[in-house]
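# Per-entry structural report
What follows is each chain in one-letter form.
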Amino acid sequence: MPRPHPPEFRQRAVELARLREKPIAQIAEDLGISDSCLRGWMARADVDEGRKAGLSTDEREELVELRRELRVTKTENEILKRAAAYFARENVLPK
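In this report, the structure presented in the accompanying data block is examined. Note that the structure is predicted; figures quoted are calculated from it, not measured.

## Regarding the overall build of the chain
Within the chain, the regular secondary structure consists of four helices and zero strands. Going residue by residue from the N terminus, the α and β elements of the chain occur as α-α-α-α. Against the compact-globule benchmark of 12 Å for 95 residues, the chain has a radius of gyration of 25 Å, which places it well outside the compact range. Along the first, second and third principal axes, the C-alpha set of the chain runs to 85 × 30 × 20 Å. By residue count, 15% of the 95 residues in the chain fall in the buried class. Accessible area of the chain: about 8100 Å², with a carbon and sulfur share of 56%.

Listed below in structure tokens is the structure:
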């Protein structure tokens, strides 16, 4: 997998593509990236800037973090339920 390009590079590439001085395919080739990559960056920038509807990069990162926290919380809850059931059984049986 190629190493990711820095955000500044992505931002400048999107700015160049929006100027429409050259076709997007030519700009992408000049920058050494694929046409679809540049189009994806442009679409992501449009969402982040509010030009298009969708989840911004910050919202997407927050969603990932919240899903991770929910998964951990559900796991912890399941462990606590099993522990409670185990200790409840232990106290019911005569010794």
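Past the structure itself, the notes keep going.
## Looking at helix α3 (residues 35-48)
Here α3 contains 14 residues, and its C-alpha end-to-end distance of 20 Å stays within 8% of the 20 Å for a straight helix at 1.5 Å per residue. Within the sequence span of α3, burial applies to Leu38, Trp41, Met42, Ala45, Asp46 and Val47. The elements touched by buried residues of α3 are α1 (7-19) and α2 (24-31). Looking one or two residues past α3, glycine 50 carries a phi angle of roughly 85 degrees, positive in sign.

What counts as what
- Every chain is numbered independently, its residues counted from 1 as its sequence is written.
- Only residues with pLDDT of 70 or above have their local features reported here, since the model is predicted, and side-chain atom pairs are shown and tallied only from 80 upward, although totals for entire chains, interfaces and linings are computed over all residues.
- Processing note: side-chain calculations cover all non-hydrogen atoms of the structure and skip hydrogens and water entirely.
- A helix here means a DSSP run of H or I that spans at least four residues, while a strand means a run of E at least two residues long, and both kinds are numbered starting from the N terminus.
- The reference for a compact globule is 2.2 Å times residues^0.38; the radius of gyration itself is calculated from the C-alpha atoms.
- Accessible area is worked out with a 1.4 Å probe on protein chains only. A residue is then buried under 20% of its type maximum, exposed over 50%, and partly exposed in between.
- Here the accessible surface of atoms and residues is derived via Shrake-Rupley with a 1.4 Å probe, and residues count as covered only by protein chains that are part of the display.
- Between the first and last residue of a helix there are one fewer steps than residues, each counted as 1.5 Å, and that sum is the expected span.
- The contact rule is simple, with two residues in contact once any of their heavy atoms fall within 4.5 Å.

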